[in-house]
Amino acid sequence: MLSDDLQRIFQGQAGICASFGSRFYAALAGRIAEDIAELGCLFTPWEGDDYAALIAAAVSLRFLGSLHDLALSGDDLAVTAAFPPAGDDADAAWEAAKAAIARDPARFQAFMAHEPQTNEVRRSACLLPGFLTVAAETKLPLACLELGASAGLNQLWPRYAYDYGEAGRWGDAAAPLTLAADWTGPPAPWGADVCVVSTAACDRKPMILADPLQRRRLKAYLWPDQTERMERFDAAATMALAAGVTVEAADAADWAKARAAPRDGVATCVYHSIFWQYLSAATQGALEAAIAGHGAAATEAAPLAWLRMEPVAGQPFPIELRLTLWPGGEDRLLATVHAHGAAVEWAPPAP
Ligand SMILES: C[S@@+](CC[C@H](N)C(=O)[O-])C[C@H]1O[C@@H](n2cnc3c(N)ncnc32)[C@H](O)[C@@H]1O
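Residues numbered from 1 in each chain as written. Predicted model: local features only at pLDDT ≥ 70, side-chain atom pairs only at ≥ 80, totals over all residues. Heavy atoms only, no water.

The helix and strand inventory of the protein stands at 12 helices and 12 strands. The C-alpha atoms of the protein give 20 Å as radius of gyration, which agrees with the globular expectation for 351 residues (20 Å, within 12%). Here the C-alpha coordinates of the protein stretch approximately 60 × 45 × 35 Å along the principal axes. Going through the 351 residues of the protein one by one, you find that 54% of them count as buried. Sequence separation of at least 24 residues holds for 72% of the intrachain contacts in the protein that already meet a minimum separation of 6. Per element, the accessible surface of the protein, about 14,300 Å² overall, is 55% carbon and sulfur. (Helix = DSSP H or I, 4+ residues; strand = E, 2+ residues; numbered from the N terminus. Rg over C-alpha atoms; globule rule 2.2 N^0.38 Å. Buried < 20%, exposed > 50% of the residue type's maximum accessible area, 1.4 Å probe, protein only. Contact = heavy atoms within 4.5 Å. Areas by Shrake-Rupley, 256 points an atom, 1.4 Å probe, with all protein chains shown as cover.)

Put into structure tokens, the structure is as follows:
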């Protein structure tokens, strides 16, 4: 039954938020789980879906995002006052949110209609060692193509500085944003010669940072008591606006088919993070076929890399960084990583 599955999902979300250090969201998700039967009208689009489909659709993050968006908007003073940074009272937040939902459920339904578009810039700290691996193994400049890029913050990966503690540092130490992550395992190829000759990205619904409502929506997907994530987002958004980052509106399978053909003299690198679960099975198949088709045409002089940071099928965790590099086309696990980029457990010695 939908409400039983939703209750389990919000209880699980409370545990995830607690383990990720968000005390406020852990408490709020726990309160939502208790009252889930009162919220039926918000979840009617998922009637008939099983537990796995609800997890894949990230319904809990959709709903939490809709509440945080209301808090950020200032349209409901009681909600704003209870949410961080103004407050830290999940009980008061939930009581105020329930009153707001009763007054205007359509506002929440509209927010929840699209899957989460969290653009988590610290995921670049997990993707970086993958790009370094491609550069080290192909010894070619990189042409980067990001799928499901949201606002495109992770296109700027070459411009951020990275700090993995004693394990390594990378990038320009004077960069406006340093991404710090824990590192375990052998060293990555930190010294690889990296030259990015082009970057491009697509999303089926690109988020426009210059639009205040879209920017607020992006922030709403961050967890309200995680101020460091908010600060990283603001710094990366400022960099992206200054750099003129763009994301093309396109379906990833069509775009990859049209754009990811290997080219002589560059390593074409298709990458994505926390995106695969939102594709229909048909789109997943079409995308795999498009990439494999381009892979079959790859040569040593025109290689193709497919780098992805994604959960292992059907479960939110663990999240793996995997690389397939053509010619050859062997699928390799590079690392197990934290969903928001806080840690990298590096797996390989390189072949
Ligand atoms: C959770 S966000 C992740 C954004 C970004 N990759 C990151 O890690 O910060 C998933 C993104 O995938 C996009 N998406 C979902 N289905 C897509 C499709 N068929 N083609 C292109 N983008 C898609 C969504 O619009 C959303 O912006």
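Further notes follow.
With 12 residues, helix α2 (residues 23–34) should reach 16 Å at 1.5 Å per residue; the first-to-last C-alpha distance of 17 Å fits that figure. Those residues of α2 that sit buried are Phe24, Tyr25, Ala26, Leu28, Ala29, Arg31, Ile32 and Ala33. (Expected span 1.5 Å × (residues − 1).)

Before going further, it helps to examine the environment of Ala335. Take Ala335: it is sitting in strand β11 (residues 330–337). Expressed as a C-alpha distance, the spacing of Ala335 and Pro262, which sit 73 residues apart in the sequence, is 25 Å. The contact partners of Ala335, leaving out residues within four places of it in the chain, are Ile319, Glu320, Leu321, Val344, Glu345, Trp346 and Ala347.

This part takes up the domain arrangement of the protein. When cut into domains, the protein gives domain 1 (2–112) and domain 2 (121–346). The interface is formed by 23 residues belonging to domain 1 together with 19 residues belonging to domain 2. A buried area of about 1,800 Å², summed over both sides, lies between domain 1 and domain 2, and 66% of it is on carbon and sulfur atoms. The largest contributions to the domain 1 side of the interface with domain 2 come from Phe20, His68 and Phe111, which together make up 33% of the buried area. Where domain 1 packs against domain 2, one counts 1 salt bridge. Ionic pairing is found between Asp69 and Arg216, a salt bridge with its closest N-O pair at 3.0 Å. (Domains from an automatic or database assignment. Buried area = accessible area lost by both parts, 1.4 Å probe. Salt bridge = Lys/Arg side-chain N within 4 Å of Asp/Glu carboxyl O.)

Here the focus is the packing of aromatic side chains. Taken as a whole and assessed by the stated rule, the structure comprises 21 aromatic pairs. Geometrically, the ring pair formed by Phe20 and Phe317 is tilted, given 5.8 Å between the ring centres and 40° between the ring planes. Note that Phe20 is positioned in the loop between α1 (2–19) and α2 and Phe317 in the loop between β9 (304–311) and β10 (319–326), a separation of 297 residues in sequence. When its relative accessible area of 17% is taken as the criterion, Phe20 is described as buried. Given a relative accessible area of 38%, Phe317 falls into the partly exposed group. Here Tyr162 and Trp170 contribute two aromatic rings whose centre-to-centre distance is 5.9 Å and whose plane-to-plane angle is 55°, an arrangement assigned as tilted. (Phe/Tyr/Trp six-rings, centres within 6.5 Å; stacked < 30°, edge-to-face > 60°.)

Let us now look at the site of the ligand. Gln117, Arg123, Gly148, Asp203 and Ser273 are the nearest of the 22 residues found near the ligand. Ser273 has a polar side-chain atom sitting 2.6 Å from an oxygen atom of the ligand. The protein chains hide 98% of the 610 Å² of surface that the ligand would expose on its own. Grouping the amino acids of the shell around the ligand by side-chain chemistry returns 7 nonpolar, 8 polar and 7 charged. (Near = heavy atom within 4 Å. Polar contact = N/O pair within 3.5 Å; in protein donor to acceptor, adjacent residues only side chain to side chain. Nonpolar A, V, L, I, M, F, W, Y, C, P; charged D, E, K, R; others polar.)

This part takes up the sheet that holds strand β3 (residues 169–170). As summarised here, the arrangement of the 3 strands in space is β3-β2-β4, forming an open sheet in which the pairing is mixed. Lying at the two open borders of the sheet, with one neighbouring strand each, are β3 and β4 (178–180). (Pairing = 2+ DSSP bridges.)

A side chain with one charge may pair with a side chain of the opposite charge, provided their charged atoms come close. What the rule picks out here adds up to 22 salt bridges. For Arg31, the salt bridge is made with Glu34, and the minimal N-O distance between the two is 3.3 Å. With Arg31 and Glu34 both in helix α2, this residue pair falls 3 residues apart, about one helical turn. With a relative accessible area of 17%, Arg31 lands in the buried category. Note on Glu34: relative accessible area 55%, which makes it exposed.

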